[in-house]
Amino acid sequence: MTAAIRILGIDPGLRRTGWGLIIATGNRLSFGGSGTILSDSKLSLAERLRQLHDGLQEVLQREQPEEAAVELTFVNKDAGATLKLGQARGIALLVPALNGLSVAEYAPNLVKKTVVGTGHAEKEQIRMMVKVLMPKATFNSDDAADALAIAICHAQHRGAAAATARIAARIGS
């Protein structure tokens, strides 16, 4: 029997960071939890990043994941917004790493292709497929649904991600 692995998916954003926890037992996926961490737009950037840090830290302490996956940043036309998203993404990578978790990263198109079957799926399609794959899943935002999709993507690709990391470690030695 395959051991269950608790996987935390994180959809980073400065205003809203979605999180979704799944339990993968072999090919079987089950819903563990989800939510959205909000930052207060009236606060300074540093204070907002701290809110995201503290919120993710609380999720990790409560949910006890064993692995984490974060969506890669996409580049948009607004350089300032891209930079802020990158800073929020840094928090999403840092908090699990500080807690001793391996952190995988996945491009948005790969997440969509894995969950929906096409790399250009819409938000509604992602929400629908997450519910099809895990009927008991609940989520309070598109960000939480996306985070569950990221965790599902990691469950499907985690063997390949681990192999790539091992090869990179050997090359770096």
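First things first, this report covers the structure right here in the doc. Per chain, the residues get numbers from 1 upward, laid out in the order the sequence is written. This being a predicted model, a pLDDT of at least 70 is required before a residue's local features are given, and a value of 80 or more before pairs of side-chain atoms are given or counted; all residues contribute to the totals for chains, interfaces and linings. In computing side-chain values, all of the structure's heavy atoms are included and hydrogens and water are not.

Quick notes on the pattern of salt bridges
Inclusion rule: By definition, a salt bridge exists where a carboxyl oxygen of Asp or Glu is found within 4 Å of a side-chain nitrogen of Lys or Arg. Secondary structure elements are taken from DSSP: a helix is a run of H or I of four residues or more, a strand is a run of E of two residues or more, and numbering for both begins at the N terminus. Burial here depends on accessible area, computed with a 1.4 Å probe over protein chains only, as a share of the maximum for the residue type. Under 20% is buried, over 50% is exposed, and the range in between is partly exposed.
Within this structure, the stated rule accounts for 9 salt bridges. A salt bridge links Glu63 to Arg6; the shortest N-O distance between them is 3.7 Å. Within this pair, whereas Glu63 is found in helix 1 (residues 45-63), its partner Arg6 is found in strand 1 (residues 4-11), the two being separated by 57 residues in sequence. Residues Arg89 and Glu105 are paired through a salt bridge, measuring 2.1 Å at the closest nitrogen-oxygen approach. Of this pair, Arg89 sits in helix 2 (residues 79-98) while Glu105 sits in strand 5 (residues 102-106); the two residues are 16 residues apart in sequence, bridging distant segments of the chain. Given the relative accessible area of 10%, Arg89 is considered buried. According to the relative accessible area criterion, Glu105 is partly exposed, its value standing at 39%. One network of salt bridges, with partners in common, ties together Arg6, Glu58, Arg62 and Glu63.

Quick look at the pairing of strand 1
Let me state the cut-off plainly: Note on pairing: two strands pair once DSSP finds at least 2 bridges between them.
The buried fraction of strand 1 amounts to 6 of the 8 residues, a majority that puts the element mostly inside the structure. As defined by bridge partners, strand 1 adjoins strand 2 (residues 16-25) across 8 bridges and the pair is classed as antiparallel. By the bridge assignment, Arg6 is partnered in strand 2 with Ile23. Counting the residues between successive antiparallel strands, the hairpin from strand 1 to strand 2 contains 4 residues. Judged from the 4 bridges that link them, strand 1 and strand 4 (residues 67-71) form a sheet pairing that is parallel. Counted as the bridge partner of Ile10 is Val70 from strand 4.

Some thoughts on the nonpolar core
For the record, the criterion: Nonpolar core, defined: a set of buried Ala, Val, Leu, Ile, Met, Phe, Trp, Tyr and Cys residues in which side-chain atoms within 4.5 Å join the residues together. We call two residues in contact whenever any of their non-hydrogen atoms come within 4.5 Å of each other.
Of all hydrophobic cores here, the largest spans 26 residues; its most connected members are Ile22, Val130 and Met134. When residues of this core are traced back to their parent elements, those giving at least two are strand 1, strand 2, strand 5, helix 3 (108-115), helix 4 (123-133) and helix 5 (142-172). The element that contributes the greatest number of residues to this core is helix 5, accounting for 9 residues. Sequence-distant contacts of Met134, that is, excluding residues within four places in its chain, are made with Ile22, Leu29, Ser30, Phe31, Leu148 and Ile152. In this structure, Leu49, Leu52, Ala92 and Leu101 belong to the second largest nonpolar core, which totals 18 residues.

Details of the environment of Ala137
Residue placement: Ala137 occurs in the loop between helix 4 and helix 5. In this structure Ala137 comes out as buried when scored by relative accessible area, which is 0%. Separated by 116 residues in sequence, Ala137 and Leu21 have C-alpha atoms that sit 9.8 Å apart.

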